[in-house]
Structures are given as C-alpha cells and as structure tokens.
Amino acid sequence: MLVSANGITLHAETAGYGDLALVFLPYFGGTARSWAPVIEALPGWVRSIALDLRGWGGSDRPDTGYDIATLADDVQAAISALGLRRYILVGHSMGGKIAQLLASRRPAGLEGLVLVAPSPAQGKILSDAEREGMAGAYNSAEAISWTIDNILAGSKLKPEWRAQIIADSLSGSAAAKAFWPACAIAEDVSAELQSINVPVLVLGGEFDRVDSVEMLRTIVLPALPAAKFKIIAGVGHLIPYEAPEALARLLRAYISELKLGEPKLTLQPEDFASRFDQAFCRGDLDGLMALFCQDAMMRMTDGTLVNGATALRKALGDLIATAPKLRNSIRRMIVNQKTALLLLDWELCIAQPGGQDIVQRGTATQILECCPDGHWRLLISNPLGIA
C-alpha cells in the first residue's frame, strides 16, 4: 500500500482488521517488513500497519528530511491519510525515537506507546570512530553481516531473516544512511516528553549492545516516569527478529491491560473470503473462530460434518496445525438484509517435507447471517460446494 504523506509517498504493509491499529516504525536500516515476524504472531483482530520511513524500502527517497521532527511529521501525516481513529505507536530503536517525539505532541487517536529498544529522545553523542563505523555499516553485504554478528544480534537468526536484514539495510538511500549517524542520532527531541499522556511500555533486550538495558534504565525511563519496563531475555538489539513471539505476547498483553478490548468485527459479506484466508494462513484460531456464529456448521474437506463452536474449534485447530495455505476467491455473491450466499473457488496447499506439496482445489458455498448485534458471521461453510 502507498500513502501520500507530508509531500512524499510512503510504503506501508498492512494486516489484520478492526478499529484499533498498531503502527510499527522500524530501526535504522530496517523497513516495514522488519516487523513481519511479529505481525505474523499477532491475532487477526489486531490491525497492523508497518511503515517504510522515507529513504527506505518502497518509500520515496528525497535528498532531505531525515531529521527526527520531519520523520515524525511523515508518520503523523500517514496516520491522518489512513484515517486511523485509534492507534498505538510501536517504535524500534530509531523508530522509537521518532515515536517518542510524535507521542509528545499528543496526536488525536493515540492510545498507547510501545518503545522497543528505543534510541533515547535526549540524543546519543558518538565518538568519531563510532560515527564512522555506523556510517559504513550498511555499505556492503559483508559490512552488514559483520554488524549483525558483532553489534545488532544477541542470538542466532533464521537464515531467511538474516538475508532480509541484509537486503533491507542495503536498500536505504545514501541520504537516509548518512543522516542518522551524522546528525539525527544526536538530536535532542526530549523537551516535551512530559506531555505524553498515554501508557508507555519500554522493552529492552538482555544482551543489547546498541541501546542497552543500562542506558534504558538511566536515560530513557527517568524521562518517562510512568512507563513500565520489561527485559526480554537472551536477545540483542534485533528484538522483532530475535523474539517475535515474545514481543507479540507482550503487545497483546499491553492491549489487554489498557482495556481497549478486542475490536468488534465490522466485516461485510464481501470481506469474508480474504479475512478467512488471512486468519487461516496465519494459524490464528481465535481470529478464525471470530468469523463464525456460535451455532455454525461446517463440512470439512473429508466430508465430516462439524456442528457448534467447540467441535468446530477443534477441527479447525487440527487443520491449521499442518500450516496449510488457503486461497479463496468469490465467484458469486447474493445478499439480502439478513442472509448472504457466497460461491467460492478455493485452493488449499499443504507443504510436505519431501518437497511434493499436497494441493486440493474445489468450489465452496458459505452462508452468512447478520446477527442481532449487527455483525455478519458465518453460519454454514461447505468446502464441498452444494453437495
């Protein structure tokens, strides 16, 4: 998705649904997809919006505008363009510094602030050697690999994520790569931190060598006196890659503690195919079950008829435990005031260890009803079509 914001175009990755959004801001060298491991571990009812900051990923690459205030302006304009009414800022490292400044402005709709190994709003003064090293850290794949092993990571990364980090770090514009170590990291944007009026959660990595636990305790937390602080054990600076499930659990608990609640479904019948696929492919059983009525009925692909929420939950749980991929497309839809009939073409793919995937295809019917609370939910789902 592309968003016009503050005179430039920003690229965003989105997932989930609901009126409460988590807006993710990456670290220096990261992009929107740096948050993918975390977003994949979140339930479908959490709407996630991860941004590429200017100069990175799929966003515009102007020669100027890499100071913290302008980056915060970009994010604020993107939030406005997306029409977000309720959101939580989640910033990592450089993204955490931007999030602190933006939160201090008390923007409309801000419900919370989560700082993941944040760079201090007060600024960090680097030595000439540190500044020179950071300026060249992303100039080549070899330099990035060394930086990962000796500075950024505190634990072993999955090979595919390591490759992604290298590609993303290489992708930055020359201006974006240069301005952070030369200027932005040292900027002091802490003057109005006391104005932050939402609950703050600060997270640190036990072995972080960039924004250490000690620094968070002595600099970041004293400026945010009401903030809660948690340490994630066994990881370094790359928390979204090193501990995505733990971070997702903490985010979900944070939402629960704020008593913001699980957003109500506002789906229309035409949305169900994509939402069903999304929850199914993510292994999000809670999100999947939220699409069904309590007395729903589903015929499984082996012909077994399953009735009621308890039995349906078990059957779907057994199925998604195999990590399948599902794709539905709507062929036809008939809707009246209370009932909707969908005719779907579907494809189910289950990966096999030997490389020969099991692929099934068919035509399904779904019957939806508009429940007394005004929300549409699945009443009958039959992947075997009209049989």
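Look above for the structure.
The sections below set out a description of the structure shown in this document. Just so you know, these numbers come straight off a predicted model, no measurement behind them. (Residues numbered from 1 in each chain as written. Predicted model: local features only at pLDDT ≥ 70, side-chain atom pairs only at ≥ 80, totals over all residues. Heavy atoms only, no water.)

**Considerations on the overall build of the protein**
Argument step 1. Secondary structure assignment for the protein yields 13 helices and 14 strands.
Argument step 2. Counting only C-alpha atoms, the protein reaches 75 × 50 × 40 Å along its principal axes.
Argument step 3. Going through the 387 residues of the protein one by one, you find that 52% of them count as buried.
Argument step 4. Looking at the protein alone, contacts between residues at least 24 apart form 70% of all its contacts between residues at least 6 apart. (Helix = DSSP H or I, 4+ residues; strand = E, 2+ residues; numbered from the N terminus. Buried < 20%, exposed > 50% of the residue type's maximum accessible area, 1.4 Å probe, protein only. Contact = heavy atoms within 4.5 Å.)

**Some details on unusual backbone geometry**
Argument step 1. At Asn6, a residue that is not glycine, the phi angle is positive and equals roughly 55 degrees.
Argument step 2. Of note, Asn6 is situated in the loop between strand 1 (2-5) and strand 2 (8-15).
Argument step 3. Asn6 gets classed as partly exposed once you look at its relative accessible area, which sits at 40%.
Argument step 4. Within the chain, Ser93 stands out as a residue other than glycine whose phi angle is a positive 55 degrees.
Argument step 5. Following the sequence through the fold, Ser93 ends up in the loop between strand 5 (86-92) and helix 3 (94-104).

**A closer look at the packing of helix 5 (residues 141-152) against helix 6 (residues 159-171)**
Argument step 1. Where helix 5 meets helix 6, the axes come as close as 10 Å, and the angle between the chain directions of the two elements is 125 degrees. Our classification of the angle between helix 5 and helix 6 gives oblique. Crossing geometry of helix 5 relative to helix 6 is assigned as right-handed. In contact with Ala141, Ile144, Ser145, Ile148 and Asp149 of helix 5, helix 6 contributes Arg162, Ile165, Ile166, Ser169 and Leu170.
Argument step 2. Grouping the amino acids of the contact of helix 5 with helix 6 by side-chain chemistry returns 6 nonpolar, 2 polar and 2 charged. (Axes fitted to C-alpha atoms, helices over the stretch in contact; angles between N-to-C directions. Parallel < 35°, antiparallel > 145°, perpendicular 65-115°, else oblique. Left-handed = near helix turned anticlockwise from the far one by under 90°. Nonpolar A, V, L, I, M, F, W, Y, C, P; charged D, E, K, R; others polar.)

**Quick word on the layout of surface pockets**
Where empty space is left can be seen by rolling a probe of water-molecule size over the atoms.
Argument step 1. Counted as a void, the largest pocket has a volume near 500 Å³.
Argument step 2. Along the wall of the largest pocket there are 22 residues; nearest its centre are Lys124, Met134, Ile151, Arg209 and Val210.
Argument step 3. Taken together, the residues that form the lining of the largest pocket break down as 13 nonpolar, 5 polar and 4 charged.
Argument step 4. Every residue along the wall of the second largest pocket is listed here: Glu13, Thr14, Ala15, Ala32, Arg33, Ala36, Ile39, Glu40, Ala50, Gln278 and Arg282.
Argument step 5. For the lining of the second largest pocket, the secondary structure elements donating two or more residues are strand 2, helix 1 (36-40) and helix 11 (272-282). (1 Å grid on protein atoms, 1.4 Å probe; cavity = no way out; pocket = protein on both sides within 12 Å on 5 of 7 lines; lining within 4 Å. Points joined across faces, edges and corners; volume = space filled by probe spheres on them.)

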